[in-house]
Amino acid sequence: MDTSVEFTYALIEAVRKRPILFSDALNFSKRRPQYAAAWVEVAKDLGLEDHVANLKDRWRVIRCAHGRYLRVGYRMQVPGIHDKLSFLNPHMDIKPKEPKDIKPEDSLEYAIKLVNYVRQYPCLYDGSNTFARPEAWEAVAAKLGGGATAESSMLTWKKIHYYYKFHLQKGYIAKPKGIAPYLAFLRPFMEEPVENMEFSLARELIETVQQYPALYDGTQSGQNIVLWNEVAQRLGNVFSVETYITKWAWMRGKYERHLKTGSKMVPCGIEGHLTFLNAFIAGFAPKRPLPASAEQLVRPVGKAVPATGRRVDRLHVDESDPDAQFLLTFLELMTKMSESQKRQFRIGAVKASRAVLDGVVRRKVVK
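What you see is a predicted model, and the numbers here were worked out from it, not measured in a lab.

Draft legend 1. Representation of helix H6 (residues 133-144) in the model. The terminal C-alpha atoms of H6, which comprises 12 residues, lie 16 Å apart, in line with the 16 Å expected from a rise of 1.5 Å per residue. Listed as buried for H6 are Ala136, Trp137, Val140, Ala141 and Leu144. Looking straight down H6, one finds its buried side chains confined to an arc of 140°; they lie on one side. For H6, exposure combined with an orientation more than 90 degrees from the buried face picks out Glu135 and Ala142. Residue Gly145 follows H6 closely and has a positive phi angle near 65°.

Next comes the structure, spelled out in structure tokens:
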């Protein structure tokens, strides 16, 4: 399934034109034939007649992600996608949260006042002059007013400081929500985030796999046992080879989802060590640069290809490249294929290529 931005926008537009696919007012449960027919039309518009079920799954992911954005503000990374999905807003069952009884000292407004007053007394956060702290807390409480005491002010500050520490270390939301920017002055006085065991194991696995491009660049089977045995040995065989393969597949899948939907990864921050995969993930690989001189690659207009008899006007081909000439032999067959058949042809060709390359590598290993 194509996950590019252009395809996502095309799917959204195709659904938008058919209200029966998203409007509860039309009661699609009583109009199932029309509902099914609408999805078939969407598939035809996108040239994916044989992948209606996949399109439904893709739409379900997009709709759920938009609902999460409306509920808690988690934004998808596709630029402008929530604006394009705004037609769903009246049909989303987003129940407003019932207001809770918030104590004054737990509110964001109170926390901002407390932080600003604490900032005026460096001894309360920089670790210096501990003897001056009781007097400083009395002064902070007096400025807060409203019955605040030195003890209550100190306890509230400790709670804010605690959540901010975990915000820096693990990416948790600082509480009360929105207070983090006001606490930035604390960073020089706080310990550097410490990696936990889960993060360390994941990072070591990623750094080791990165040294074996065949395990992630698509040129060979991702489960090349010879290479995975080397990975396990370099990591001290803490886990079995099968466990390392499973952990890597899970992490890579989560990273692809992170890139496409903006979902968070666990452990928090591990995505920063997986950026080398971007070049091998559809929709995020850098475009290949054009040659310095296009004239070197342009076939004279109107010249026929002997292998197929089909004219290739405006097709950029290097006549001296045997691989290009080999690919041109498939043009005649592809003219008889539908868009869906072309996709199946491409998938089959990629699988066949990987199988051949993997077989060559295994023969070399055996020799």
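Draft legend 2. Local environment of the packing of aromatic side chains. Under the criterion given, the structure shown has 7 aromatic pairs. Aromatic side chains Tyr125 and Phe185 sit 5.1 Å apart centroid to centroid with 75° between the ring planes, which places their arrangement in the edge-to-face category. You can see Tyr125 sitting in the loop between helix H5 (108-119) and H6 and its partner Phe185 sitting in the loop between helix H7 (150-170) and helix H8 (197-209), a full 60 residues away along the chain. Residue Tyr125 is classed as buried on the basis of its relative accessible area of 16%. Relative to Tyr163, the ring of Tyr162 lies with its centre 5.6 Å away and its plane at 70°, an arrangement referred to as edge-to-face. The class of Tyr163 is partly exposed, set by a relative accessible area of 28%. By the ring-pair criterion, three or more aromatic residues cluster together here, those being Tyr125, Phe185 and Phe189. Note that Lys84 overlies the ring of Tyr9, its terminal NZ or CZ placed 4.7 Å from the centroid.

Each value, and the rule that gives it
Along each chain, the written sequence defines residue order, and numbers are assigned to residues from 1. Where totals are concerned, whole chains, interfaces and linings use all residues; where local detail is concerned, this predicted model gives features only for residues with pLDDT of at least 70, and gives and counts side-chain atom pairs only at 80 or more. Hydrogens and waters are ignored; side-chain quantities use all the structure's heavy atoms. A run of H or I in DSSP counts as a helix once it spans at least four residues, and a run of E counts as a strand once it spans at least two, with each numbered from the N terminus. To estimate the expected span of a helix, subtract one from its residue number and multiply by 1.5 Å. Throughout this description, buried means an accessible area under 20% of the type-specific maximum (1.4 Å probe, protein chains only), exposed means over 50%, and partly exposed covers the range between. Think of the arc as the fan of directions from the helix axis to the C-beta atoms. Here the aromatic set is Phe, Tyr and Trp, taking the six-membered ring for Trp, and pairing holds for ring centres within 6.5 Å; pairs whose planes are under 30 degrees apart are stacked, those over 60 apart are edge-to-face, and all others are tilted. Sitting over a ring, as applied to charges here, requires NZ of Lys or CZ of Arg to be within 6 Å of the ring centre and within 35 degrees of the ring normal.

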